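Residue strings, one per chain:
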Amino acid sequence: MIETAGTSVEVRLPSRLGFEKVAMGTAASVAALMGFPSERIEDLKTAVAEACINAIEHGNQLNEQLSVGVILSATTDELEVKVIDNGSGIAKQPPRPDIDRKIHGEEDARGMGMFLMQALVDEAEWVRDSKGKGSYVRLVIRLDKESD
Amino acid sequence: MIETAGTSVEVRLPSRLGFEKVAMGTAASVAALMGFPSERIEDLKTAVAEACINAIEHGNQLNEQLSVGVILSATTDELEVKVIDNGSGIAKQPPRPDIDRKIHGEEDARGMGMFLMQALVDEAEWVRDSKGKGSYVRLVIRLDKESD
Amino acid sequence: MQTETRTTIDHTSTPGDQSVTVLRFSGDISSNSREPVLGAWQNVSSGPVLLDFTKVDYINSSGIALIIQMLMEADKTGRKVAAFGLTPHFQKVFTMVGIAKYAGLYKDEPTALASF
Amino acid sequence: MQTETRTTIDHTSTPGDQSVTVLRFSGDISSNSREPVLGAWQNVSSGPVLLDFTKVDYINSSGIALIIQMLMEADKTGRKVAAFGLTPHFQKVFTMVGIAKYAGLYKDEPTALASF
Ligand SMILES: Nc1ncnc2c1ncn2[C@@H]1O[C@H](COP(=O)(O)OP(=O)(O)O)[C@@H](O)[C@H]1O
Ligand SMILES: Nc1ncnc2c1ncn2[C@@H]1O[C@H](COP(=O)(O)OP(=O)(O)O)[C@@H](O)[C@H]1O
């Protein structure tokens, strides 16, 4: 195993839909280096993709002058991924998606990204911009934990 | 196809052997977005890995205070990858590896990284540090070109 | 890697000889897939519908929302829908968001066809 | 993804019944692989040697240099070496650096064994 504890990798992506896949590829490589099993890497990839899509779409509002930052920090037992945008963040958590309401047209078919992030990783926390440093979501997966 | 022309992705890696794989993962994802065929993506991955290993080992001399920068820039028909370190770069190209001399112990078994980069991508250029901005190798693969 | 979505429409039948329309997706299922997903639904004949995800590399939450919109249409007209070819990861994701409640998720085409 | 190199030593024979040592590598072949590559060579009995790369995910130029050092040992003692299980990409890379001149590269184990 390659020693990864204490290291951090940074990625900067353009605010264009599709580039979330680049963050997925980078996150998957870091998680593989740390020895995460493939199911956990799939969970992380989907969570990172959803975080980047929200940063591109809602945070940076598809403004290509702005970029999305992804910082991957490894400790001995966990990988933290911060996905940073230039928006003002989210005021409150959306309600948990309800498939029956969606199917019956009582709620928007969309609105599952944040739910999936929370469901797929061990920690998901949204932090609103303070002092113009950007808003971010912080995702954590732990090496000892099994896939949900 | 996702429109990638004019975009650039940046990665910053710690100067630790093994992290070249993270650059491979990122480069593979960008090349896939651009529509490169899988054989060309394999060529690029190996070239990027060798460039990062040299930046980590020779350029930054495994000093973990320093990081390796990777800038991936897409145009409509090519992907340019610059791998940047804090060293002073290479003074001259090493000779082309000669397998017979290697097998007979007449030259070092190592010394194939730069040769492989040149052989695998469409352009490979080494630029020495000027004004403390870092030395870099610039690799280019073109969308219209077949694998060598 | 193919990023655009392609949908091909096939026809097959259940073991009990009921005719079934199969929508075979390939590429990504994302916000760009509105036409290949919802447009394809317009061309589906009557009877049960099978969704083939075998050749899909990437599905995100916007793509899942399109699948849900397709299931809304199916629900309105009382059509049965089943899916196969999802990776274990995406079977889990589809189950998490509740899709499994409106479309059976099966490991392969024969198993899915036998469910109708 | 397994990053450390593992080597297991197997014994088999050619179609003509000559005994062959097989070194089966798995994981990465990189600068960390000195012991699993050159150490394994010390434990090889006489006769031809087969290198199995089927389970190798990643090979870099430092790892290739270790393979070359192994081939130096083989050359000194007049041992025949063949390899199989390389992806088309790494077959190309091994050919570019000249390894194919000192070790036949084959698509699978039977073809490689038949070459001795
Ligand atoms: N990075 C962000 N910046 C600003 N608002 C956000 C961000 N991420 C999410 N949101 C808000 O939260 C809502 C719910 O997000 P999500 O659950 O991912 O579903 P969707 O993106 O499909 O609406 C979004 O519609 C948006 O209003
Ligand atoms: N980024 C770099 N900074 C400084 N020197 C370098 C760099 N890349 C390569 N070199 C020099 O060029 C030589 C040849 O590199 P290479 O062909 O990759 O083989 P190897 O790394 O196995 O020696 C190295 O030994 C080193 O002296």
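Further up the page is the structure itself.
Note that this is a predicted model, so its numbers are computed, not measured.

Visitor: How should I be thinking about the sheet that holds strand E1 (residues 8-14) of chain B in this particular structure?
Guide: As a general point, the strands of a sheet are linked pairwise by backbone hydrogen bonds and lie either parallel or antiparallel. Within the open sheet, the ten strands sit side by side as E4(A)-E5(A)-E3(A)-E2(A)-E1(A)-E1(B)-E2(B)-E3(B)-E5(B)-E4(B). Their pairing is antiparallel. The outermost strands of the open sheet, each flanked by one partner alone, are strand E4 (123-127) of chain A together with strand E4 (123-127) of chain B. Along the sheet, successive strands turn relative to each other by an average axial angle of 15°, direction set aside. Judged from the five bridges that link them, E4(A) and strand E5 (residues 135-142) of chain A form a sheet pairing that is antiparallel. The partner of A:Val127 across the bridge, within E5(A), is A:Tyr136. Against the sheet, helix H1 (residues 20-34) of chain A makes contact with strand E1 (8-14), strand E2 (67-74) and strand E3 (78-85) of chain A together with E1 of chain B, and its axis sits at roughly 170° relative to E1(A), the strand it touches most. Packing of helix H1 (residues 20-34) of chain B onto the sheet brings it into contact with E1 of chain A together with E1, strand E2 (67-74) and strand E3 (78-85) of chain B, and relative to E1(B) it is tilted by some 170°.

Visitor: Whenever I open this one, the interface of chain B and chain A confuses me. Can you help?
Guide: The figure often quoted for interface size is the accessible area lost as the parts come together. With 23 residues of chain B at the interface, the matching set in chain A holds 23 residues. When chain B packs against chain A, the two sides together hide about 1800 Å² of surface, and 68% of this comes from carbon and sulfur. Linking chain B with chain A are zero salt bridges, by the criterion used here. Connecting chain B to chain A are five residue pairs in polar contact (both at pLDDT 80 or more). Of all the secondary-structure elements, those providing two or more residues to the side of chain B that touches chain A are E1 and H1 of chain B. In terms of residue class, the side of chain B that touches chain A is built from eleven nonpolar, seven polar and five charged.

Visitor: What is the right way to look at the interface of chain C and chain A in this model?
Guide: Chain C puts 25 residues into the contact, and the matching count from chain A is 26 residues. Summing both sides of the interface, chain C and chain A together bury roughly 2100 Å²; the carbon and sulfur share of this comes to 65%. The largest share of the area that chain C buries against chain A comes from C:Tyr58, C:His89 and C:Met96, three residues that together contribute 26% of it. For A:Asp43, the salt bridge identified is with C:Lys92, shortest N-O distance 2.6 Å. Taken together, chain C and chain A are joined by nine residue pairs in polar contact (both at pLDDT 80 or more). Within the residue set of the side of chain C that touches chain A, elements represented by two or more residues are helix H2 (61-76) and helix H3 (88-96) of chain C. Across the side of chain C that touches chain A, the residue classes break down as 13 nonpolar, eight polar and four charged.

Reading the values: the criteria
- Residues numbered from 1 in each chain as written.
- Chains lettered and ligands numbered in written order.
- Predicted model: local features only at pLDDT ≥ 70, side-chain atom pairs only at ≥ 80, totals over all residues.
- Heavy atoms only, no water.
- Pairing = 2+ DSSP bridges.
- Helix = DSSP H or I, 4+ residues; strand = E, 2+ residues; numbered from the N terminus.
- Axes fitted to C-alpha atoms, helices over the stretch in contact; angles between N-to-C directions.
- Contact = heavy atoms within 4.5 Å.
- Buried area = accessible area lost by both parts, 1.4 Å probe.
- Salt bridge = Lys/Arg side-chain N within 4 Å of Asp/Glu carboxyl O.
- Polar contact = N/O pair within 3.5 Å; in protein donor to acceptor, adjacent residues only side chain to side chain.
- Nonpolar A, V, L, I, M, F, W, Y, C, P; charged D, E, K, R; others polar.

Any link to function would need more than the numbers given here.
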